[in-house]
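Structure assessment
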Amino acid sequence: MSILETSLIFVGIPALITAIIAGLCYLAKPVAGTTPAHYSLDEEWTHKPVLWSAVDEVTVGHHGGHAAIESGSADLIGGSASGRW
Amino acid sequence: MAGGSSFPAVIESELPVGSVVTASGRVSSVHRVGDPYDDLPFSVDELVALDDAMTDATRSTKVRFNAFIGDLGEDTAAGADALFPKTPEAERSVLIAVSPNQRAIEIRSGRKVAGRVTDRVVQLGVTAAVSSFGEADLIDGLVSAIRVMSAAIAVR
């Protein structure tokens, strides 16, 4: 076997098979389902409510964890502002 | 979240078909091929930007920043007032609540930080957010509101 034949068999054929399988992957959908379309503010919000918070951050050194806050008490509020667009 | 915890937290017989409670307590569910994923309608880059902004703001000010998107009802101010005590560490926090269907934004600050996060500071946040909201960019507005308010109250 010449060098050319050897490299074609042991490099060319595996490379070809890899390329075919890799190419087939691009034909499939990346996820098995649909992800929601990107939300823009001029559309109606139909998703569930979301609350984000940086809860891993420590604000004050409190060791006892969170104290229970009686929900619905409005006297927790300091400043407030509203706006529309 | 304060209060309202119940036991058991997950009732196995009420889970949808194809779900099970594992030995560790985690719920494992199937996802059927073709079903839509229950993801947030935002790109990863946007969520990372928001996360970074909230983390930086909370770290530099020691005031917890919370952001809410959802329906606040017809009276958005009353809706935000009712929501505020249920947010994490409400007394030392700033809540930015956006109600896209009412085209309204409400910002509330906690009583313990009211000396720093005054009405004027939260008004700054509203102004910053509304300018981006006018261009239909929700996350960008939230990020600018957080940046403006945290820059106004950060201790240097």
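Residues numbered from 1 in each chain as written. Chains lettered and ligands numbered in written order. Predicted model: local features only at pLDDT ≥ 70, side-chain atom pairs only at ≥ 80, totals over all residues. Heavy atoms only, no water.

**Structural notes on the overall build of chain A**
Short version of the rule: What counts as a helix is a DSSP run of H or I of at least four residues, what counts as a strand is a run of E of at least two, and both are numbered from the N terminus. Burial classes follow relative accessibility: with a 1.4 Å probe on protein chains only, a residue under 20% of its type's maximum area counts as buried, one over 50% as exposed, and anything between as partly exposed. Working definition of accessibility: Shrake-Rupley area with a 1.4 Å probe, residue cover restricted to the visible protein chains.
Helix and strand counts for chain A come out as one helix and two strands. When its helices and strands are written in sequence order, chain A yields α-β-β. Expressed as a percentage of its 85 residues, the buried residues of chain A come to 22%. When the accessible area of chain A is evaluated, it comes to approximately 6300 Å², of which 65% is carbon and sulfur surface.

**Some words on the packing of aromatic side chains**
To describe a pair of aromatic rings, you give the distance between the ring centres and the angle between the ring planes. Put simply, the rule is: Centres within 6.5 Å make a pair out of two Phe, Tyr or Trp rings, where for Trp the six-membered ring is used; the pair is then stacked when the planes are under 30 degrees apart, edge-to-face when over 60, and tilted otherwise.
In the structure shown here, the tally under the stated rule is five aromatic pairs over all chains. Three or more aromatic residues joined by ring pairs make a cluster, and in this case those are A:Tyr39, A:Trp45, A:Trp52 and B:Phe42.

**Things to note about helix α4 (residues 138-153) of chain B**
What counts here: Expected span of a helix: the number of residues minus one, times 1.5 Å. Any pair of residues with heavy atoms lying within 4.5 Å of one another is described as a contacting pair.
In this model, α4(B) (16 residues) spans 23 Å end to end at C-alpha, consistent with the 22 Å of a helix rising 1.5 Å per residue. Those residues of α4(B) that sit buried are B:Leu138, B:Ile139, B:Gly141, B:Leu142, B:Val143, B:Ala145, B:Ile146, B:Met149, B:Ser150 and B:Ile153. Here the buried face of α4(B) lies against β1 (50-53) of chain A together with α1 (44-61), β3 (64-69), β4 (93-99), β5 (104-110) and α3 (119-133) of chain B.

**As for the side chain of B:Thr55**
You can see B:Thr55 is positioned in helix α1. You can call B:Thr55 buried: its relative accessible area is 15%. Those residues in contact with B:Thr55, other than ones at most four positions away along the chain, are A:Ala54 and A:Glu57.

**Regarding the UniProt feature "transmembrane region" (unreviewed entry) in chain A**
The line we're drawing: UniProt positions are given in the numbering used here, feature names are shortened, and annotations may be inferred rather than shown by experiment.
Mapped onto this structure's residue numbering, the UniProt feature "transmembrane region" (unreviewed entry) falls at residues 6-28 of chain A. Measuring from the first to the last C-alpha atom of residues 6-28 of chain A gives 34 Å, for a span that is 96% helix and 0% strand.

**Notes on unusual backbone geometry**
Residue and element names in this part refer to chain B. Of note in this structure, Lys-62 is not a glycine but carries a positive phi near 60 degrees. Among the structural elements, Lys-62 can be located in the loop between α1 and β3. Its relative accessible area of 36% is what places Lys-62 among the partly exposed residues.

**Describing the interface of chain B and chain A**
The condition that has to hold: Any Lys or Arg side-chain nitrogen found within 4 Å of a carboxyl oxygen on Asp or Glu counts as a salt bridge. In protein, a polar contact requires one atom able to donate a hydrogen and another able to accept it; more generally it is a pair of N or O atoms within 3.5 Å, and residues adjacent in sequence count only if both atoms are side-chain atoms. Any residue that is not Ala, Val, Leu, Ile, Met, Phe, Trp, Tyr, Cys, Pro, Asp, Glu, Lys or Arg is counted as polar, Gly included; the first ten are nonpolar and the last four charged. Strands pair, by our definition, only if DSSP identifies at least two bridges between them.
Counting from both sides, the interface comprises 71 residues of chain B and, opposite them, 44 residues of chain A. The shortest N-O distance in the salt bridge between B:Arg59 and A:Glu57 comes to 2.8 Å. Where chain B meets chain A, there are 23 residue pairs in polar contact (both at pLDDT 80 or more). Contributions of two or more residues to the side of chain B that touches chain A are made by α1, β3, α2 (76-83), β4, β5, α3 and α4 of chain B. Here the side of chain B that touches chain A is composed, by residue class, of 36 nonpolar, 16 polar and 19 charged. In this sheet, β5(B) lies alongside strand β2 (residues 77-84) of chain A in antiparallel orientation, the contact comprising six bridges.

**What about the pattern of salt bridges?**
Residue and element names in this part refer to chain B. Overall, the coordinates contain eight salt bridges over all chains when judged by the stated rule. Among the ionic pairs, Arg-108 bridges to Glu-106, the shortest N-O distance being 3.0 Å. Residue classification places Glu-106 among the buried residues on the basis of a relative accessible area of 3%. Taken together, the shared-partner salt bridges connect Arg-64, Glu-89 and Arg-92 into one network.

**Some points on the confidence of the model for chain A**
Cut-off, in case you're wondering: The pLDDT value tells you how sure the predictor is about a given residue, anywhere from 0 up to 100.
Mean pLDDT over chain A: 83, with 84% of residues reaching 70 or higher. The spread of mean pLDDT over the elements of chain A runs between β2(A), the lowest at 89, and helix α1 (residues 3-27) of chain A, the highest at 94.

**Observations concerning the packing of α1(B) against α4(B)**
Residue and element names in this part refer to chain B. Basically, it comes down to this: In this analysis an axis means a line fitted to C-alpha atoms, helices contributing only their contacting stretch, and an angle means the value between N-to-C directions, from 0 to 180 degrees. Orientation categories follow fixed angle ranges, with anything under 35 degrees roughly parallel, anything over 145 roughly antiparallel, 65 to 115 roughly perpendicular, and all other angles oblique. In a left-handed crossing the near helix is turned counterclockwise from the far helix by less than a right angle, and in a right-handed crossing that turn is clockwise.
Following both chains from N to C, one finds α1 and α4 inclined at 15 degrees, their axes separated by 9 Å at the closest point. With respect to α4, the element α1 is oriented roughly parallel. The handedness of the crossing between α1 and α4 is left-handed. Together, Glu-46, Ala-49, Leu-50, Ala-53, Met-54, Ala-57 and Thr-61 of α1 and Ile-139, Leu-142, Val-143, Ile-146, Ser-150 and Ile-153 of α4 make up the contact between the two elements. Taken together, the residues that form the contact of α1 with α4 break down as ten nonpolar, two polar and one charged.

**A closer look at a nonpolar patch on the surface**
Residue and element names in this part refer to chain A. Counted only if it meets this: Only residues above 30% relative accessible area that lack a salt bridge enter a patch, with like-charged residues linked at up to 9 Å and the nonpolar side chains Val, Leu, Ile, Met, Phe, Trp and Tyr linked at up to 5 Å.
Taken together, the side chains of Met-1, Ile-9, Phe-10, Val-11, Ile-13, Ile-17 and Ile-21 make up a nonpolar region of the molecular surface, amounting to roughly 740 Å² of accessible area. Mapped onto the elements of the fold, Ile-9 is located in helix α1. Take Ile-9: its relative accessible area is 37%, and that puts it in the partly exposed class.

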